[in-house]
Amino acid sequence: MTAAVPGESGRTARWYPHLWAGTLLTQAAYNAARMLVSYRVLELGGDGTALGVITALFALLPLVVAVPVGRAVDNGHPAGVLRAGVAATVAALLVLALSTDLVVLAAGNILLGFAQILVTVAGQGFIPLLSDARDIDRRFAGWALATSIGQTAGLPVAGLVTSASSDSGGVSTTAGLLALAVLAALAVPSALLMPVVGAQRARAEQHGAAQSVPTMLATPGMRPAMFSSLVVLTSMDVLAAFLPVLGHQYGFGVLTVTVLLMLRTGSAIVARTFLPALLRVVPRRWMLLAATLCSAAPMALIPVIPNPVVIGVFLVVVGFLWGVGQPLTMSWVVSLVTERSRASALSLRLTGNRLGQVLVPLGAGGIAGVAGAGSVFLVTAALLGLSGGFTWRAVRGTNL
């Protein structure tokens with residue numbers, strides 16, 4: 001699965017499987033924790049507004065530190081950033097599991113968001129740094145595939161442990177969050193086995209000057225690429241945060257909501273598995289457009305038909321489309337900047353994502369408090385349609 005980079009040592013040549021395994025384990029913990037945090041808010045007496053605020057706090061520190069973290073990765077420190085992120089992940093999950101009020105829960109969610117940005121920026125940064133140009137698309141797709149498998153695998157762990165530890169009087173999330181902390185701890189060996197690149201080697205192997213944030217933002221295509229990524233990711237967050245609330249209103253149990261969320265991530269696994277083959281027959285620009293525009297309608301219909309089977313079908317569709325869109329926006333962003341700024345550009349993309357993760361959940365929580373959880377899905381669908389229009393303007397007539 002991994003082609004060695006010329007001049008790599010034996011240990012460095014095996015970096016990709018270690019990255020793949022660590023990504024799978026940490027993303028399993030992140031995705032399942034997002035679901036359990038929603039139940040934890042309800043468990044501690046919070047409402048839809050509190051859920052929106054706490055969900056938004058997940059993106060607070062990443063919004064500030066993403067670009068500096070990307071610069072650190074570009075300057076040859078991806079291994080250190082990755083290891084710090086894995087350690088912070090375990091710590092954050094322990095804080096969440098032991099939280100007894102909404103303030104401590106919010107603090108744990110802030111730390112979890114910080115941990116995720118460290119792991120994500122470092123993981124994505126390793127790919128252009130240690131890959132030949134011809135392998136970047138494939139390895140981003142493989143990285144995204146590991147993310148999807150992890151997100152799918154983490155949900156049943158959290159759902160089954162939580163269900164087993166809960167009684168008929170309500171949902172108890174402590175055991176589920178502790179199980180996720182153990183799962184994240186299993187990523188420590190993979191993080192320790194990732195190669196230390198070094199600043200001198202990183203600079204020597206990258207061409208072009210480092211670009212400033214304004215320069216990257218002014219590059220044609222960058223802002224539509226960032227907005228597409230932002231909308232898809234925040235749509236995933238809205239789904240993970242508010243489907244439990246919508247399911248609770250409809251009388252769905254924890255396991256039913258878990259299965260529904262697994263259908264979304266499972267469909268993304270299929271999409272990312274076959275993405276290299278799809279790229280050979282479908283132009284990249286059409287897949288980028290479909291990721292947002294074609295997912296708007298099923299997203300809008302989720303609250304309209306309160307049937308778990310029908311909702312499951314909608315989630316399979318949006319999961320496939322979002323599964324294609326996210327890795328392609330990574331390649332799109334990387335293609336727009338110099339080699340010396342690739343991790344920084346990916347971090348800028350993540351900054352945009354986290355801005356959306358702050359603003360959209362806050363808005364969604366306010367909307368849910370006034371108009372109900374179902375209205376959140378309608379607003380998200382409108383954002384997907386808007387992003388599709390921007391993407392079309394950016395990619396038409398290009399070779400993407």
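- For the chain, the name recorded in an unreviewed UniProt entry is MFS transporter, with Prauserella salsuginis as its organism.
- The UniProt entry for the chain carries the following comment under Subcellular location (unreviewed entry): "Cell membrane".

## Describing the nonpolar core
Stage number 1. Counting 96 residues, the largest nonpolar core has Leu93, Leu180, Met299 and Ile302 as the members making the most contacts within it.
Stage number 2. No other element matches the 14 residues that helix H2 (residues 15–43) contributes to this core.
Stage number 3. Ranked by size, the runner-up nonpolar core spans 18 residues in total, among them Met222, Ala271, Leu275 and Leu348.

## Structural notes on the side chain of threonine 147
Stage number 1. Mapped onto the elements, threonine 147 comes out in helix H7 (residues 136–165).
Stage number 2. Residue threonine 147 is classed as buried on the basis of its relative accessible area, which comes to 7%.

## Focus on the side chain of glutamine 124
Stage number 1. In this fold, glutamine 124 is placed in helix H6 (residues 102–130).
Stage number 2. Residue class for glutamine 124 comes out buried when judged on its relative accessible area of 2%.
Stage number 3. Discounting chain neighbours no more than four positions away, the residues touching glutamine 124 are Phe140, Trp143, Met330, Leu346, Arg349 and Leu350.

## Let's talk about the pattern of salt bridges
Stage number 1. The tally for this structure, following the rule as stated, stands at two salt bridges.
Stage number 2. A salt bridge links arginine 40 to glutamate 43; its shortest N-O distance comes to 3.9 Å. Taken together, the positions of arginine 40 and glutamate 43, both in helix H2 and three residues apart, correspond to about one turn of that helix.

## Comments concerning the packing of helix H5 (residues 78–98) against H6
Stage number 1. Direction vectors running N to C along H5 and H6 enclose 155°, while the axes themselves pass 8 Å from each other. On the basis of the axis angle, H5 is roughly antiparallel to H6. As H5 packs across H6, the resulting crossing turns out to be left-handed.
Stage number 2. Considering only residue class, the contact of H5 with H6 consists of 22 nonpolar, four polar and no charged.

## Description of the packing of aromatic side chains
The geometry of an aromatic ring pair is captured by the separation of the ring centres together with the interplanar angle, meaning the angle of the planes.
Stage number 1. Using the criterion set out here, one finds five aromatic pairs in the structure.
Stage number 2. Plain terms: the ring middles of tryptophan 15 and phenylalanine 126 are 6.5 Å apart, the flat faces sit at 25° to each other, and that makes the pair stacked. Separated by 111 residues along the polypeptide, tryptophan 15 in helix H2 and phenylalanine 126 in helix H6 bring together distant segments of the chain. Accessibility assignment for this pair places tryptophan 15 and phenylalanine 126 in one class, buried.
Stage number 3. Residues tryptophan 286 and tryptophan 392 carry aromatic rings whose centres are separated by 5.7 Å and whose planes lie at 25° to one another, so their mutual orientation is stacked. One end of the pair, tryptophan 286, is in helix H15 (residues 284–293); the other, tryptophan 392, is in helix H19 (residues 373–395), with 106 residues separating them in the sequence.
Stage number 4. With a relative accessible area of 34%, tryptophan 392 lands in the partly exposed category.
Stage number 5. When the ring centre of phenylalanine 58 is taken as reference, the NZ or CZ atom of arginine 34 above it lies at 3.8 Å.

## With respect to the confidence of the model for the chain
Stage number 1. When the pLDDT values of the chain are averaged, the result is 84; 91% of them are 70 or greater.
Stage number 2. Helix H1 (residues 10–13) is the least confidently modelled element of the chain, averaging 46 in pLDDT, while H5 averages 95, the highest of any element.
Stage number 3. Predicted confidence for residues 1–12 stays below pLDDT 50, and this span has 24 contacts to residues more than four positions away or in other chains.
Stage number 4. Scored below 50 in pLDDT, residues 199–204 makes 12 contacts in the model with residues more than four places away or belonging to other chains.

## Section: the packing of helix H3 (residues 48–57) against H6
Stage number 1. Where H3 meets H6, the closest approach of the two axes is 8 Å, and the angle between their N-to-C directions is 30°. Between H3 and H6, the angle is such that the two are roughly parallel. Side by side, H3 and H6 meet where Ala50, Ile54, Thr55 and Leu57 of the first sit next to Leu102, Leu105, Ala106, Asn109 and Ile110 of the second.
Stage number 2. Split into classes, the residues belonging to the contact of H3 with H6 amount to seven nonpolar, two polar and no charged.

Calculation criteria
Chains are numbered independently. Their residues run from 1 in the order of the written sequence. With pLDDT at 70 or above as the cut-off, local features in this predicted model cover only qualifying residues; side-chain atom pairs require 80 or more to be listed or tallied, and sums for whole chains, interfaces and linings still use all residues. The basis for every side-chain value is the complete set of non-hydrogen atoms in the structure, without hydrogens or water. UniProt positions are given in the numbering used here, feature names are shortened, and annotations may be inferred rather than shown by experiment. In this description, a nonpolar core means a group of buried Ala, Val, Leu, Ile, Met, Phe, Trp, Tyr and Cys residues linked to one another through side-chain atoms lying within 4.5 Å. The cut-offs for exposure are 20% and 50% of the maximum accessible area for each residue type, with area from a 1.4 Å probe on protein chains only; residues under the lower value are buried, those over the upper are exposed, and the others partly exposed. Numbering goes from the N terminus for both helices and strands, where a helix is a DSSP run of H or I of at least four residues and a strand is a run of E of at least two. Two residues form a contact once any of their heavy atoms are found within 4.5 Å. By definition, a salt bridge exists where a carboxyl oxygen of Asp or Glu is found within 4 Å of a side-chain nitrogen of Lys or Arg. Lines are fitted to the C-alpha atoms to define the axes, a helix being fitted only along its stretch in contact, and any angle between axes, read from their N-to-C directions, falls within 0 to 180 degrees. An angle below 35 degrees is treated as roughly parallel, one above 145 as roughly antiparallel, one from 65 to 115 as roughly perpendicular, and anything else as oblique. In this scheme the crossing of two helices becomes right-handed for a clockwise turn of the near helix relative to the far one and left-handed for an anticlockwise turn of less than a right angle. When residues are sorted by character, Ala, Val, Leu, Ile, Met, Phe, Trp, Tyr, Cys and Pro go into the nonpolar class, Asp, Glu, Lys and Arg into the charged class, and all the rest, Gly among them, into the polar class. A pair of Phe, Tyr and Trp rings is counted when the ring centres sit within 6.5 Å of each other, with Trp represented by its six-membered ring. The angle between the planes then sorts it: under 30 degrees is stacked, over 60 is edge-to-face, the rest tilted. Whether a charge sits over a ring depends on NZ of Lys or CZ of Arg being within 6 Å of the ring centre and within 35 degrees of the ring normal. Every residue is assigned a pLDDT by the predictor, reflecting its confidence on a scale from 0 to 100.

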